[in-house]
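# Per-entry structural report
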Amino acid sequence: MTLQTNLDHIETENQYNDILSNNENVMICCGRMGPMCVPVYADMEKLRDEYPHVKFYDMLFDIPDAQVIRNLPECLGFMGLPFTVYYKKGKVVKAASSIQMRDQITAILDEQFS
Amino acid sequence: MENLYDVIIIGGGPAGLTAGIYLSRSKIKTLLINEGIIGGQMSLTHEIANYPGIESISGYKLSVNMQKQAESFGCEIISNVKITGYNLKKDIKLITINGKGDYKSKAVIIASGGKSQELDVPGEKDFAGRGVSYCATCDGDFFQDKEIIVVGGGNSALEEAVALTQYASKVTVVHEFDYFQAHKYAVEQVTNHPKIDFILNSTVSGFYGSQSLEKVTVKNLKTGEETDKKIDGVFIFIGYVPQTEPFRKIVKLNKRNEIIVDDKMMTDISGVFAAGDCIAKRYRQITTAVSDGTKAALNAIEFIN
Ligand SMILES: Cc1cc2nc3c(=O)[nH]c(=O)nc-3n(C[C@H](O)[C@H](O)[C@H](O)COP(=O)(O)OP(=O)(O)OC[C@H]3O[C@@H](n4cnc5c(N)ncnc54)[C@H](O)[C@@H]3O)c2cc1C
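Here is a short report on the structure shown in this document. (Residues numbered from 1 in each chain as written. Chains lettered and ligands numbered in written order. Predicted model: local features only at pLDDT ≥ 70, side-chain atom pairs only at ≥ 80, totals over all residues. Heavy atoms only, no water.)

### Let's talk about the overall build of chain B
Cut-off, in case you're wondering: In this description a helix means any DSSP run of H or I spanning at least four residues, a strand means any run of E spanning at least two, and both kinds are numbered starting from the N terminus. Buried means the residue's accessible area, taken with a 1.4 Å probe over protein chains only, is under 20% of the maximum for its type, while exposed means over 50%, and partly exposed covers the values in between. The convention is simple: Lys and Arg are positive, Asp and Glu are negative, and His and the chain ends are not counted. Working definition for charges: the position is that of NZ of Lys, CZ of Arg, CG of Asp or CD of Glu.
A count of helices and strands for chain B gives six helices and 17 strands. Taken over the C-alpha atoms alone, chain B extends approximately 60 × 40 × 35 Å along its principal axes. Among the 305 residues that make up chain B, the fraction classed as buried is 52%. Averaging the positions of the 34 positive and the 36 negative side-chain charges in chain B gives two centres separated by 6 Å.

Printed below as a string of structure tokens:
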């Protein structure tokens, strides 16, 4: 099961692990098609062209394999969707819960992946 | 000229989206710029049961429907961005979006609505998204079988408290008075609900925990006594403040920071209209926002023609 976005989707834990081992800069937004999540996906879709050195993915929060994100120590205590996680060389460098404005996303992308 | 519109609408709640529908359907070149979530406060509402013609709909669904309707007529929408500059006094209005540049128009409709009033007590900001929430629809299911507090005693607080009982094992309504400022049906629903109880004449005065919220202090407003209460989540619905800070030095506001408009929904600046929860008015509902948006759009059309 995937989200109805134009982003590339992650559906399995294996796919998640492959993506993290094969890409240096990755942003994954794990959520639903809800009011706080949709604006983040929309921004990620637009940011793909501006940040070609970053890979953007989404993952449906409710599929069992999304536990790879739900159970990240960096997401402990998060109680608002979506969970947005930024990875550099496979390691989490930043994680945020709930809606993020475009400015907040680009600030993290610039800081972590420039 | 690039980026020149007939009308720019600021805000994508029901007032702004309605204006977008009316303007673009009249072939007026329209841009709607929204800082937050499309649908505004409406999208945060669990169930809307008082929008005529629709028995029951989630606020999010109604928001998406209104957005689609506006776009189907050609309204351009830029959302989740920050406006950094307003130059509204001249005939051609100029709005600057961070990272995107300047947008010009002959008229502007401000429909910036309201935002959740915060308690403004220690820990509230630290635990936002970690146990403190202002949206039952968005965060409710993180509290499956957990104990939560709803702060507030108006219609929104009581209706959302009932909605949250589908997840939480127990909901405690903490309210500053010993009576509710809500409609009779909402009061009856909460008072008869087996999962809901009350702490009256009180407020939450602090939020504490480590990774996520673990406890709050509840202050009795009559005696001043503070007691700790273990809790998994707190939902705050204590009213809304108009989102008019950016316009404070631009258009005339009243003492409550609401925009003053005339009977054509025009502010004290020619060609700048306002609609919805951001204006000075008594009743703040989706229907009244939709009505304001309609009037502002029709008057804006007359103005630019
Ligand atoms: C929990 C809750 C339950 C409710 N239940 C009901 C109900 O059942 N029935 C009912 O009729 N009403 C209900 N209401 C009230 C109703 O939602 C509001 O009256 C209505 O949404 C107001 O519409 P608006 O367009 O004026 O403003 P808003 O809905 O507040 O939308 C304003 C939009 O403008 C954006 N914005 C703000 N400032 C700027 C800026 N400077 N630049 C660009 N964009 C900006 C905001 O991010 C937001 O998206 C409820 C409200 C809440 C919070």
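### Structural notes on the environment of Ser97 of chain A
Put simply, the rule reads: In what follows, residue pairs with any heavy atoms lying within 4.5 Å of each other are defined as contacts.
Position of Ser97 of chain A among the secondary structure elements: in strand β5 (residues 91–97). Contacts of Ser97 of chain A, omitting those with residues within four sequence positions, involve Phe78, Gly80, Pro82 and Phe83 of chain A together with Gly129 of chain B.

### Some details on the layout of surface pockets
Worth spelling out the cut-off: Both site types are read off a 1 Å grid over the protein atoms alone. A 1.4 Å probe that fits but cannot get out defines a cavity, while an open set with protein on both sides within 12 Å along at least five of seven lines defines a pocket; lining residues have an atom within 4 Å of a point. Grid points are joined across faces, edges and corners, and a volume is the space filled by probe spheres set on the points. Residues were grouped as follows: Ala, Val, Leu, Ile, Met, Phe, Trp, Tyr, Cys and Pro as nonpolar; Asp, Glu, Lys and Arg as charged; and all remaining residues, including Gly, as polar.
Estimates place the volume of the second largest pocket at around 550 Å³. Forming the boundary of the second largest pocket are 22 residues, of which Val38, Pro39 and Ala42 of chain A together with Ile38 and Gln67 of chain B lie nearest the centre. With seven residues, the single largest contributor to the lining of the second largest pocket is helix α2 (residues 38–50) of chain A. Of the residues in the lining of the second largest pocket, the class split is eleven nonpolar, six polar and five charged.

### Quick notes on the sheet that holds strand β9 (residues 147–151) of chain B
All names here are of chain B. Condition: Pairing between two strands requires that DSSP report at least two bridges joining them. Angles run from 0 to 180 degrees between N-to-C directions of axes, and those axes are lines fitted to C-alpha atoms, restricted for helices to the stretch in contact.
Here five strands make up an open sheet; going across it, the order is β8-β15-β9-β10-β11 and the pairing parallel. Each edge of the open sheet carries a strand with a single partner, namely β8 (132–133) and β11 (196–199). For strand β10 (residues 170–174) and β11, the ladder comprises four bridges, and the chain directions are parallel. Considered in β11, the bridge of Thr172 is made with Asp197. The sheet strands contacting helix α4 (residues 155–164) are β9, β10, β11 and β15 (233–236), and the helix crosses β9 at an angle near 165°.

### Considerations on the interface of chain A and chain B
Much of the literature gives interface size as the accessible area that the parts lose upon coming together. To keep it simple, the criterion reads: Values labelled buried area give the accessible surface lost by two parts on being combined, using a 1.4 Å probe and summing over both. Counted as salt bridges are all cases of a side-chain nitrogen of Lys or Arg within 4 Å of a carboxyl oxygen of Asp or Glu. We define a polar contact as two N or O atoms separated by no more than 3.5 Å, with the added condition that, inside protein, one atom must be a possible hydrogen donor and the other a possible acceptor, whereas residues neighbouring each other in sequence contribute only through side-chain atom pairs.
Taken residue by residue, the interface counts 23 residues in chain A and 23 residues in chain B. Buried surface at the junction of chain A and chain B, both sides included, amounts to about 1,900 Å², of which 58% is carbon and sulfur. For the chain A face of the interface with chain B, the top three residues by lost area are Pro35, Met79 and Met101 of chain A, together amounting to 36%. For the pair chain A and chain B, the number of links is one salt bridge. Between Arg32 of chain A and Asp141 of chain B there is a salt bridge whose closest N-O contact spans 2.7 Å. Viewed at the interface, chain B and chain A are joined by nine residue pairs in polar contact (both at pLDDT 80 or more). A total of four residues in the side of chain A that touches chain B trace back to one element, the largest contributor, which is α2 of chain A. For the side of chain A that touches chain B, the per-class residue count stands at 14 nonpolar, five polar and four charged.

### Observations regarding the sheet that holds strand β4 (residues 83–88) of chain A
Residue and element names in this part refer to chain A. Taken in spatial order, the five strands of this open sheet run β1-β3-β2-β4-β5, and their pairing is mixed. The open sheet has two edge strands, β1 (8–9) and β5, and neither has a second partner. With six bridges joining them, β4 and β5 adopt antiparallel strand pairing. In the strand pairing of β5, Tyr87 is matched with Val92. Helix α4 (residues 102–113) rests against β2 (25–31), β3 (55–60), β4 and β5 of the sheet, and its axis sits at about 20° to β4.

### Observations concerning the pairing of β9 of chain B
All names here are of chain B. What counts is decided by this rule: Look down the strands so they point away from you; if the path from the first strand over the helix to the second goes clockwise, the crossover is right-handed.
The element β9 is largely enclosed, with a buried count of four among its five residues. Bridge count for β9 against β10 is five bridges, and the pairing is parallel. Counted as the bridge partner of Val150 is Val173 from β10. Where the polypeptide runs from β9 across α4 and back to β10, its parallel neighbour, the crossover connection is right-handed.

### Some words on the state of the cysteines
Defined as follows: Criterion for a disulfide: a pair of cysteine sulfur atoms within 2.5 Å.
Applying the stated criterion across every chain yields a total of one disulfide over all chains. The disulfide that involves Cys135 of chain B links it to Cys138 of chain B, with 2.1 Å between the sulfurs. As the torsion about the S-S bond is roughly 70°, the Cys135 of chain B-Cys138 of chain B disulfide counts as right-handed. Residue Cys135 of chain B is classed as buried on the basis of its relative accessible area of 2%. The exposure class assigned to Cys138 of chain B is buried, which follows from its relative accessible area of 8%. Residue Cys75 of chain A stays outside any disulfide, its sulfur separated by 8.1 Å from that of Cys30 of chain A, the closest cysteine. The class for Cys75 of chain A is buried, based on a relative accessible area of 2%.

### Things to note about the pattern of salt bridges
Residues and elements named next belong to chain B. Per the stated rule, a full pass over the model turns up 14 salt bridges over all chains. For the salt bridge of Arg284 with Glu258, the shortest nitrogen-to-oxygen distance reads 3.1 Å. Residue Arg284 is found in the loop between β17 (272–274) and α6 (286–304), and its partner Glu258 is found in the loop between β16 (240–242) and β17; the two are separated by 26 residues along the sequence. When its relative accessible area of 6% is taken as the criterion, Glu258 is described as buried.

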